[in-house]
Amino acid sequence: MSNIIVLGAQWGDEGKGKVVDLLAERFDVVARYQGGHNAGHTVFIGDRKFVLKLIPSGVLRDGVMVVIGNGVVIDLAALIEEIDSLKALGIDVAGKLCISNRAHVIFPFHRLVEKMSEARENRIPIGTTQRGIGPCYEDKMGRRGIRIADLFDPEAFRALYDVLAEDKRILAETFQIHEPIDYALIRHQTEEYAARIRPYVCDTAKMLNDAIAQGKRILFEGAQATMLDIDHGTYPFVTSSSAAAGGASTGTGVPPTRIGGVIGVSKAYITRVGAGPFPSESDGAAGELLRREGKEFGAVTGRPRRCGWFDVPLLGYTAMVNGFDTLIITKLDVLDQLDEIPVCVRYRLRGSDICEMPATYRTLEEVEPVYEKLPGWRSTTRGIDRFEDLPERARAYLRFLEERTGVEVGAVSTGPERNETMIRKGSRLEQLLSE
Ligand code: IMP
């Protein structure tokens, strides 16, 4: 029985939430391994829209346990709000949700630190989600962070908290940030929040490994995406965690030897939120059309997403660092009305083709995308539920992506609903899901 990772192959917002929600019924547990409430998974069920930020989207399925792994950073107020709003929609997480006792806690002053660093003169502004994610991971790596388990040892928590708060106070003073922060109130609120989440907290690494030993199946859900990975993404325009497949092990405590497959999720085109290089960006009328047809506005921040064409070198790179077994291509329907569809097939740099992803954002900003244009199919793909029934030109488009990236297209989605994703018969994806 395979435990599988599902993650984004581009810069995020590929539709992973929907994919995980769809696949979750075949798994016993869905586990998040990194990121925080910067993620936004939009899932539609009938006419109901859910935006999940921290809790894995498997929570919408009966009989599925969901885990927030040790690699995630948790804003307790955001988590409690999400638990409460799910409850208001009739979804009770009691008995379904497990939160790692080793996950780190985001405090309101992490947002202050983020504001400070984003606004500093001569610093490259990343265009973050302003949720305090990066500064919380900084404290984690700096070995001064506070973890969920610390919250349940009142004396130790107070001591750790007071040191951390004093650090931030000195920082704010040094940089002349005069935002009033009531550190004592934050500490008190944190203690109240801790009491509320206590029933969900456990050693999730043990829970997951025990589940595997009992023959249960785990689906690992990545947040953000490969090109936002702290190591493999377009540094420094990245998030502060290991979003690529390797993060699934470190972020949950499940060893690589227990993970059997990696599914990449990619749009039929590409988008990016926030700043940073984007070789196949289309900022003209075509980009506007993709944004309009694809409703490309951030699920968390509402920011318009930058849009562009499918990028083969980028996909080849993310396939390499993640070892994709198969790809799920989402939002094919957004291309339905186009006469022709450009695909970036290679990069040119100072007159030569390059076959590696440049290490610096400066070089990636310099590359020129080389396009091939494929004919559009100019008919609706909404409502089609078998791969074979897609228009011939749509299938040719998908075949082209497969041939150029070297990864099979195992499924395609043509609309936001659960039942608008078709899994291709005989594909590696189908095999992985049934192993
Ligand atoms: P941070 O994760 O808030 O630190 O933001 C770092 C970068 O990651 C920014 O460019 C954000 O726009 C981007 N980012 C963070 N979360 C997401 C997401 O869920 N989807 C797409 N982009 C994201």
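Let's shift gears to the overall build of the chain. Helices and strands together make up the secondary structure of the chain, namely 13 helices and 19 strands. Here the chain has a C-alpha radius of gyration of 22 Å; the compact-globule value for 435 residues is 22 Å, and the two agree. Principal-axis analysis of the C-alpha atoms gives the chain an extent of 65 × 55 × 40 Å. Here the chain holds 435 residues, and 56% of them are scored as buried. Considering only contacts in the chain between residues 6 or more positions apart, those separated by 24 or more positions represent 76%. Per element, the accessible surface of the chain, about 18300 Å² overall, is 49% carbon and sulfur. Each charge class in the chain was averaged separately, 55 positive and 61 negative side chains, and the resulting centres sit 1 Å apart.

Moving on: unusual backbone geometry. Residues Y235 and P236 are joined by a peptide bond in cis, for which omega reads 5°. For P236, the position within the fold is in the loop between strand 10 (218–221) and helix 8 (247–250). Even without being glycine, Q130 reaches a positive phi, approximately 60°. Among the structural elements, Q130 can be located in the loop between helix 3 (108–119) and helix 4 (133–141). Of note, K331 is a non-glycine position whose phi angle comes to about 60°, a positive value. When you line up the elements, K331 lands in the loop between strand 14 (326–330) and strand 15 (340–349). Here K331 falls in the partly exposed class, since its relative accessible area comes to 22%.

In the vicinity of the ligand lie 16 residues, with D13, N38, T129, T239 and R303 positioned nearest. At a separation of 2.5 Å, an oxygen atom of the ligand approaches a polar side-chain atom of T129. Contact distances for the ligand include 3.0 Å between an oxygen atom and a side-chain N or O atom of R303. Against a free-state accessible area of 470 Å², the protein chains account for coverage of 96% of the ligand. Along the lines of polarity and charge, the residues of the shell around the ligand split into 6 nonpolar, 8 polar and 2 charged.

With that out of the way, let us pick up helix 12 (residues 392–405). Over its 14 residues, helix 12 runs 20 Å from end to end, which matches the ideal 20 Å to within 8%, given 1.5 Å per residue. For helix 12, the set of buried residues is A394, Y397, L398, F400, L401, E402 and T405. Turning to helix 12, the residues buried within the fold contact helix 10 (312–322), strand 14, strand 15, strand 17 (368–375) and strand 18 (409–413). Of the residues flanking the end of helix 12, it is G406, one or two places downstream, whose phi is positive at about 80°.

A separate point is the domain arrangement of the chain. When cut into domains, the chain gives domain 1 (4–100 + 202–262), domain 2 (104–197) and domain 3 (266–434). Taking only C-alpha atoms into account, the centre of domain 1 sits 23 Å from that of domain 2. Taken residue by residue, the interface counts 24 residues in domain 1 and 20 residues in domain 2. When the area that domain 1 buries against domain 2 is broken down by residue, the three leading residues are V73, L76 and I80, summing to 31%. Our count for the domain 1 to domain 2 interface comes out at 2 salt bridges. Measuring nitrogen to oxygen at the nearest pair gives 3.4 Å for the salt bridge that ties D75 to R111. Where domain 1 packs against domain 2, one counts 6 residue pairs in polar contact (both at pLDDT 80 or more).

For the rest of this paragraph, the subject is the side chain of T190. Mapped onto the elements, T190 comes out in helix 6 (residues 183–197). Judged by relative accessible area, which is 4%, T190 ranks as buried. Other than its neighbours up to four places away in sequence, T190 contacts L76, F107, L151 and F157.

Burial analysis of strand 18 places 5 of its 5 residues in the buried class, the great majority of the element. Across 3 bridges, the pairing between strand 14 and strand 18 is parallel. Pairing of I328 across the sheet is with A411, part of strand 18. Bridging between strand 18 and strand 19 (residues 421–423) involves 3 bridges; their strand directions are antiparallel. Each residue of the ladder has a partner; that of A411, found in strand 19, is I423.

With mixed pairing, the 10 strands of this open sheet are ordered in space as 9-7-5-2-10-1-11-14-18-19. Taken across any chain shown, the strands that pair with only one partner, and hence form the sheet edges, are strand 9 (201–202) and strand 19. Pairing of strand 1 (residues 4–8) with strand 10, which is carried by 3 bridges, proceeds in the parallel orientation. In the strand pairing of strand 10, V6 is matched with E221. This element, helix 1 (residues 16–23), spans strand 1, strand 2 (29–32), strand 10, strand 11 (261–267), strand 14, strand 18 and strand 19 of the sheet and lies at about 160° to strand 1. Sheet contacts for helix 7 (residues 204–213): strand 2, strand 5 (65–68), strand 7 (97–100), strand 9 and strand 10; angle to strand 5, the most-contacted strand, approximately 140°.

This paragraph deals with helix 10. For helix 10, the complete set of buried residues consists of V312, L314, L315, Y317, T318, A319 and N322. Those residues of helix 10 that are buried are in contact with strand 1, strand 11, strand 12 (270–272), strand 14, strand 15 and helix 12. Near the N-terminus of helix 10, the side chain that reaches the backbone nitrogen of L314, with its oxygen 3.0 Å away, is that of D311. In the segment just after helix 10, G323 is the residue with positive phi, at about 65°.

The rules behind these values
Residues numbered from 1 in each chain as written. Predicted model: local features only at pLDDT ≥ 70, side-chain atom pairs only at ≥ 80, totals over all residues. Heavy atoms only, no water. Helix = DSSP H or I, 4+ residues; strand = E, 2+ residues; numbered from the N terminus. Rg over C-alpha atoms; globule rule 2.2 N^0.38 Å. Buried < 20%, exposed > 50% of the residue type's maximum accessible area, 1.4 Å probe, protein only. Contact = heavy atoms within 4.5 Å. Areas by Shrake-Rupley, 256 points an atom, 1.4 Å probe, with all protein chains shown as cover. Lys, Arg positive; Asp, Glu negative; His and termini not counted. Charge placed at Lys NZ, Arg CZ, Asp CG, Glu CD. Near = heavy atom within 4 Å. Polar contact = N/O pair within 3.5 Å; in protein donor to acceptor, adjacent residues only side chain to side chain. Nonpolar A, V, L, I, M, F, W, Y, C, P; charged D, E, K, R; others polar. Expected span 1.5 Å × (residues − 1). Domains from an automatic or database assignment. Buried area = accessible area lost by both parts, 1.4 Å probe. Salt bridge = Lys/Arg side-chain N within 4 Å of Asp/Glu carboxyl O. Pairing = 2+ DSSP bridges. Axes fitted to C-alpha atoms, helices over the stretch in contact; angles between N-to-C directions.

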